[in-house]
Amino acid sequence: CQPVVRTHGFMPATDEIAQLRPGEQTREDVRAILGAPSTTGTFETDTWYYIQRRTSTIAFYSADVTEQDVLGLRFGDDGRLADIVRFGLDDGRTISYVDRVTPTSGNELTVLEQFVGNIGRFNSEGSANRPGNPSGMGGRR
Amino acid sequence: CSSDNDEPVYVERPVDQIYNEAAGQLDQGEYRDAARSFDEVERQHPYSTWATEAQLMAAYSYYQANEYEDAIAAAQRFIDLHPGNPNVAYAYYLVGLCNYERISDVGRDQDMTRKAMEAFEEVVRRFPDSAYARDARLKIDLARDHLAGKEMQIGRYYLTRGMYIAAINRFRTVVERYQTTTHAPEALHRLTEAYLSLGIEREAQTSAAVLGYNYPGSEWYEDSYALLTGRDLRPIEDKGSWISRAFSSVF
Amino acid sequence: QAPVAPQAASARIDRIEVNGNQRIEAETIRSYLALRAGDPADPALIDDSLKTLYGTGLFADVALRVQGGTLIVDVVENPVINRIDFEGNRRLEDEDLEREVLLRPRTVYTRTRVSQDVERLQEVYRRNGRYGARIDPKIIQLDQNRVDLVFEIEEGPRTEVRKISFVGNDRFSDGALRDVVLTTEARWYNFFTSNDTYDPDRLNYDRELLRRFYLKNGYADFTVQSAVAELAPDGEEFFVTFVVDEGERYKIGSVDVETTLPGLDTSTLQDLVQLEAEDWYDASKVETTVEALTTEVTDRGFPFVRVEPAVTRDRETQTINVAYQIDEGPRSFVERIEINGNARTLDEVIRREFRVAEGDPFNAERVRVSRDRLRNLDYFDKVEVTTEPGSDPDKTVVKVDVAEKSTGEISFGVGYSTGSGPLGDVGIRERNLLGRGQDLRVGFTLSGDEQLVDLSFTEPYFLNRDVAAGFDLFRREIDREDESNYVQKTTGGALRADYWLTPSLRHGLKYTLRNDEVTDVGENASRFIREQEGERLSSIVSQTFTYDKRDSRIDPRSGYLLRFTQDLAGLGGDARYARHRAEAGWYYPITDDVVGSLSGQVGYIVGLGDDVPINDRFFLGGDSLRGFATAGVGPRDSVADDALGGNLLYAGSVELGFPLGLPDDYDVRGRVFSDFGTVTEIDDSGSEIQDVNSIRASIGVGLTWISPFGPIRLDAAQAVLKEDFDDTEVFRFSFGTRF
């Protein structure tokens, strides 16, 4: 049976990447050839990243990653392309994400509210939430 | 509230009598009736000195009765008619409070959070040294923290589904625009997770270093450290990068 | 050089005096002034102050003048509204009018606001088809500058559309075009529709409908020259006239697909093109072709594709040449997807329906598909997806605005069917539990001979995967006294999951644990049934393959459905059998309204080591074979006249559905059908068993009316091929309402 294939992100074509000339092109030149980067370095803001990832999913199995391609372009202080770096699927690490979450508050909908508040009489102006206590945010009074 | 079906029979009564009745109802906690009685004061005697006071008390009563839309409408009317009145600061504050208490959890629309922030910012702008401004500033920070929480929620949604670009950009928004919120450390750790998943180790090292430098005791730093050491890497901060300079300036 | 206008010696203002104010503090009025005590009396600032004071809407009149060192502000306050009333409104309730009006008690009365409210009320009446409504506001003065505001309303008659006529239409009759436009002619039996009133917006929409209709039929030059609604002299009826210029009908000259994208072989795209040379031109087909090409080329790895149809007209030969130009559009990316209005539904329940993520190339087709997926969830009254420029020119923000609707249903069903007598059911269902997209349903069904309690829960994205998993719990009691002389009690539960094997083949796995009890067996019941008395545990694993290509699940009019199910009982429990069922349905739209359908099913069950229990055997009759009573066909104990069910079933039905000529507001459809099939082969053996493997058949007519109270079904069928021991039944009626 055919897997469901999904592609996210964008990797420019190889012939476009071939047009990159380290030491010459500025950010505008690169952008004109390849288009906008998927993201720039959060901390290494002198680096542009083009990222593309393809997964294929069969029936109820979890999706397996068939392609993960990262193109990193670092620009020197002179604003010109300094070097090009490439990461593939095997550079990536499968990480078990920490499941702890920084707590937030706010009105959570209870089951009874959902049933009572929702059937038929749904006030659509958007202020259908229940009130909270004066001090806390969206707490219960 | 002209069309309320249980509207009291329209009887002309002296103003102080209605006012005291309303105040009595307020004390017994019959907030909805108190609000209606205060409205009656204003309806029958709009020019008496009691009317101005009654208008604000009606807003407060509706608020206590959790009738937020009516409370906001009453407060807004007070602001329009008596912008110079010394109590107008409370009216602005009440509008903020009415929205603040309806803030929904981070999984849902944050329209109320934004409205609350706007109203409280108005209080701080117009009455900077009033008692209300102090509480308003606190609630603005909490509301901002809540908005950061929403960005994190969406970031985690994308991270757990392997959509790393979307996740990174969301966590970056928290790191850059919500630096002072309680979510910043987690955002930095999530960036380490996302960058390592892509194999971009230099970014992962820098984000872990910034996390360690600014939140040394945080559990998130322990997680990042474990992730990196597990891959025989050390958090090395590239001093030059703009973001670490920005962070060090804040703390 | 024009002399500079002489400046009045700007006297200084040292005091500002306010009089005439009653309710509004002098302090407040001073705060609106552009001048303060001590400023020069600058006429421009005085003028600004005048404008701002008027702008507040608090004052009926304002006058400013400077006398000596004093700026005198004379104001007349606008009165305050004490109460608002509506008189003379019969069609629209006070509450409806209340919502339209902006003025509220205790707000300030101004002439402008009142006239705006009158205009709003006029608009509400126009929307309800009453153009003759007249509204005039009356003021009742009270003490302390208060007023009561009364809107006196004369609703006037409903201005209906008496006649719709067309001028210049040679190719299509007036009748045909009347079906195209939305506005309908007022008729006494049309009391459901509201489209028989004159509404200018609807008339404009009708022009668009006409244009699309003609373009669909090849009239590329078609124009609506005018759409006029004249009011009859008595002012109660409208005569609508459309003047059209049809122009010539165009054929397709040449069709070709060109591209500037490297590595894209356009010859492989030809089969997606829906219009070939010599076909009649059809604008809607050009659009669907563009969509199909965009999707196909995007999937082939060109995320920024843009398909532009270049349509060139050749008036002499009346042909149209279409060239689909496929090239790369601007490289724009999705910066953020912002979801608003979800007061109850969780953000991720909406976000997970999106086929595009943040950071992906922006692809309008995928965004459109995502919007349709959101609408199919049926959690929202409105789903609007709009785009806004992002932080950079090549970044786009996708904004999703939803208006949630109530997804909870309490349903009370009342019905009657000849098969099982009076029927009542109560159900509570929440399709978007806690905004998490989960579906929870609890139902109680009570009918003449069946009581059912069931609960079912489904999580559409189990483990964040595209897998719909859930469980069911059920308790059923079926009184089979009249057909098989026993009562069946079943209690059980099931775990299930289904998912896509290929983009159109759905596969489902299910485990069912069920305890069946055969009790209250009549003394003169068939001995084969008496043998079955007692309890039996069944532990069944089943799988289903579904290939659903129908256009709709509720009222299919085209396409086909194939389903194959296998059940294996025996992993524990008492029952041991393997059951296979295949089902197919094929629907063919003969015309827009007449639909032919052919459906069939085959079922075979074989005991593994012991006989097949009666509850799992196949029965045929009633709804499954019209013209025959429930379980009227199949192996039967001739002595006790009890149906025993069989191990092999094959049945089918040919049906032709058609409208009954009533206006479609009535939603009544008739049908002519023939059912055929048989059930045979039984493990038990004995002289009293009658089992003939012959085809039974019936022919019949029926109709379904989706009435405002609920669907009413009526079938009359006559058995034509039958065995003498079969139970026949001519008439089936069922009516159910949910509210």
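Counting starts from 1 at the beginning of each chain's written sequence and moves along it residue by residue. Each chain gets a letter, beginning with A, and each ligand a number, beginning with 1, in the order they are written. This being a predicted model, a pLDDT of at least 70 is required before a residue's local features are given, and a value of 80 or more before pairs of side-chain atoms are given or counted; all residues contribute to the totals for chains, interfaces and linings. As a convention, hydrogens and water are excluded, and side-chain values are obtained from all of the structure's heavy atoms.

With that out of the way, let us pick up the overall build of chain A. Regarding its fold elements, chain A presents three helices and five strands. Put simply, DSSP H or I for four residues or longer makes a helix, DSSP E for two residues or longer makes a strand, and each gets a number counted from the N terminus. Starting at the N terminus and walking to the C terminus, you meet the elements of chain A as β-α-α-β-β-β-β-α. Taken across its 141 residues, chain A has 41% of its residues classed as buried. Note on contacts: a residue pair is in contact if any heavy atoms of the two residues lie within 4.5 Å. Counted over contacts in chain A with a minimum sequence separation of 6, partners at least 24 positions apart contribute 43%. Accessible area is worked out with a 1.4 Å probe on protein chains only. A residue is then buried under 20% of its type maximum, exposed over 50%, and partly exposed in between.

It is worth spelling out the overall build of chain B at this point. The helix and strand inventory of chain B stands at twelve helices and zero strands. Ordered by position from the N terminus, the helices and strands of chain B form the series α-α-α-α-α-α-α-α-α-α-α-α. Split into buried and exposed, the 251 residues of chain B put 63% on the buried side. Expressed as a percentage of contacts within chain B between residues at least 6 apart in sequence, the contacts between residues at least 24 apart total 57%.

So, on to helix α11 (residues 219-229) of chain B. Residues and elements named next belong to chain B. Among all positions in α11, only W220, Y221, D223, S224, L227 and L228 are buried. Looking down the long axis of α11, one finds its buried residues gathered within 160° of arc, a one-sided arrangement. As for α11, its buried residues are in contact with α9 (184-198) and α10 (201-214). Whenever two N or O atoms come within 3.5 Å, that pair is a polar contact, provided that in protein one can donate a hydrogen and the other can accept it, and provided that, for residues adjacent in sequence, both atoms are side-chain atoms. At the N-terminal boundary of α11, the capping side chain belongs to S218, with an oxygen 3.0 Å from the backbone nitrogen of W220. By arc we mean the arc of the directions from the helix axis to the C-beta atoms, nothing more.

In this section: the interface of chain C and chain B. Every contact between the two is made by 40 residues of chain C and, on the other side, 36 residues of chain B. Carbon and sulfur atoms supply 46% of the area buried between chain C and chain B, which totals about 3,300 Å² over both sides. Summed over the three residues of chain C that lose the most area to chain B, namely C:R23, C:R106 and C:E358, the buried surface amounts to 23% of that side. Throughout this description, the term salt bridge denotes a Lys or Arg side-chain nitrogen within 4 Å of a carboxyl oxygen of Asp or Glu. For the salt bridge of B:K150 with C:D347, the shortest nitrogen-to-oxygen distance reads 3.6 Å. Lys, Arg, Asp and Glu make up the charged group, whereas Ala, Val, Leu, Ile, Met, Phe, Trp, Tyr, Cys and Pro make up the nonpolar group; the residues left over, Gly among them, are polar. Here the side of chain C that touches chain B is composed, by residue class, of eleven nonpolar, 15 polar and 14 charged. Here the quantity called buried area is the total loss of accessible area, with a 1.4 Å probe, experienced by two parts when brought into contact, counted for both.

Strand pairing is defined by DSSP finding a minimum of two bridges between the two strands. As judged from the ten bridges shared by strand β19 (residues 450-459) of chain C and strand β20 (residues 467-479) of chain C, these two strands associate in the antiparallel manner. Following the sheet pairing, C:Q451 is matched in β20(C) by C:E477.

Below, the discussion takes up the interface of chain A and chain B. Listed per partner, the contact involves 47 residues of chain A and 60 residues of chain B. A buried area of about 4,500 Å², summed over both sides, lies between chain A and chain B, and 53% of it is on carbon and sulfur atoms. At the boundary of chain A with chain B, the tally comes to two salt bridges. Among the salt bridges present, the one from B:E219 reaches A:R100, with a minimum N-O distance of 4.0 Å. Summed over the shared surface of chain A and chain B, the result is twelve residue pairs in polar contact (both at pLDDT 80 or more). For the side of chain A that touches chain B, the elements supplying multiple residues, two or more each, are β1 (4-9), β2 (39-40), β3 (47-57) and β4 (64-75) of chain A. No other element matches the four residues that β3(A) contributes to the side of chain A that touches chain B. Partitioned by chemical class, the residues of the side of chain A that touches chain B number 14 nonpolar, 24 polar and nine charged.

Right, let's talk about the side chain of B:R172 for a bit. By the element assignment, B:R172 lies in helix α8 (residues 164-177). Not counting residues up to four positions away in its chain, the partners in contact with B:R172 are A:T39, A:T40, A:G41, A:T42, B:R177 and B:L191.

Now for the sheet that holds strand β15 (residues 395-404) of chain C. Residues and elements named next belong to chain C. Spatial ordering of the open sheet is given by β13-β15-β14, a layout of three strands whose pairing is mixed. Single-partner strands in this sheet number two, and they are β13 (333-340) and β14 (380-389). Averaged over neighbouring strand pairs, the angle between their axes works out to 20° when direction is ignored. Strands in contact with helix α9 (residues 364-377) are β14 and β15; relative to β14, the strand with the most contacts, it is inclined by about 160°. Note on method: axes are straight lines fitted to C-alpha atoms, helices fitted across the in-contact stretch only, with angles between N-to-C directions ranging 0 to 180 degrees.

The next subject is the pattern of salt bridges. Under the defined criterion, the tally for this structure stands at 83 salt bridges over all chains. In this structure, C:R331 and A:E16 form a salt bridge, with 2.5 Å as the shortest nitrogen-oxygen distance. With C:R331 in the loop between β12 (319-328) and β13 and A:E16 in helix α1 (residues 14-18), this pair bridges two chains. A:E16 shares its class with C:R331; the two are buried. One salt bridge connects C:E160 with C:R162, and the closest N-O pair in it is separated by 3.8 Å. Taken together, the shared-partner salt bridges in this structure form one network comprising B:K150, B:E151, B:R170, C:R336, C:E338, C:D347, C:R351 and C:E358.

With that settled, the discussion passes to unusual backbone geometry. Residue and element names in this part refer to chain C. With a phi angle near 45°, D520 is a residue other than glycine that sits in the positive phi range. For D520, the location among the structural elements is in the loop between β22 (505-519) and α11 (527-532). D520 sits in the partly exposed class, given a relative accessible area of 47%.

With that out of the way, let us pick up the packing of aromatic side chains. Centres within 6.5 Å make a pair out of two Phe, Tyr or Trp rings, where for Trp the six-membered ring is used; the pair is then stacked when the planes are under 30 degrees apart, edge-to-face when over 60, and tilted otherwise. Taken as a whole and judged by the stated rule, the model has 29 aromatic pairs over all chains. The interplanar angle of 75° and the centroid separation of 6.1 Å between the aromatic rings of C:F172 and C:Y219 together place this pair among those described as edge-to-face. Placement of C:F172 in the loop between β7 (160-167) and α5 (174-180) and of C:Y219 in the loop between α6 (200-216) and β8 (223-231) is noted, with a sequence separation of 47 residues between them. Assigned by exposure class, C:F172 and C:Y219 land together as buried. Ring-pair connections join several aromatic residues into one group, and the members of that group are B:Y90, B:Y93, B:Y100, B:F120 and B:Y132.

Okay, the confidence of the model for chain A next. When pLDDT is averaged along chain A, the result is 76, and 74% of the positions lie at 70 or above. Segment residues 117-141 of chain A: pLDDT under 50, and 81 contacts once partners within four positions in sequence are set aside and those in other chains are kept. Across the chain, each position has a pLDDT score giving the predictor's confidence in that residue, from 0 to 100.

The next thing to look at is the environment of B:E42. Residue and element names in this part refer to chain B. Locating E42 in the fold gives a position in helix α2 (residues 31-44). Sequence separation of E42 and D111 is 69 residues, and the distance between their C-alpha atoms is 32 Å. For E42, the side chain forms a polar contact with the side chain of Q55, separated by 2.6 Å.

This paragraph deals with the sheet that holds strand β11 (residues 305-314) of chain C. All names here are of chain C. The strand order across the open sheet built from three strands is β10-β12-β11, with neighbouring strands paired in mixed fashion. Edge positions in the sheet fall to β10 (251-259) and β11, since each has one partner strand and no second. Across the sheet, the mean angle from the axis of one strand to that of its neighbour is 15°, orientation sign disregarded. Inspection of the sheet shows β11 paired to β12 by ten bridges, in the antiparallel sense. Following the sheet pairing, D314 is matched in β12 by T319.

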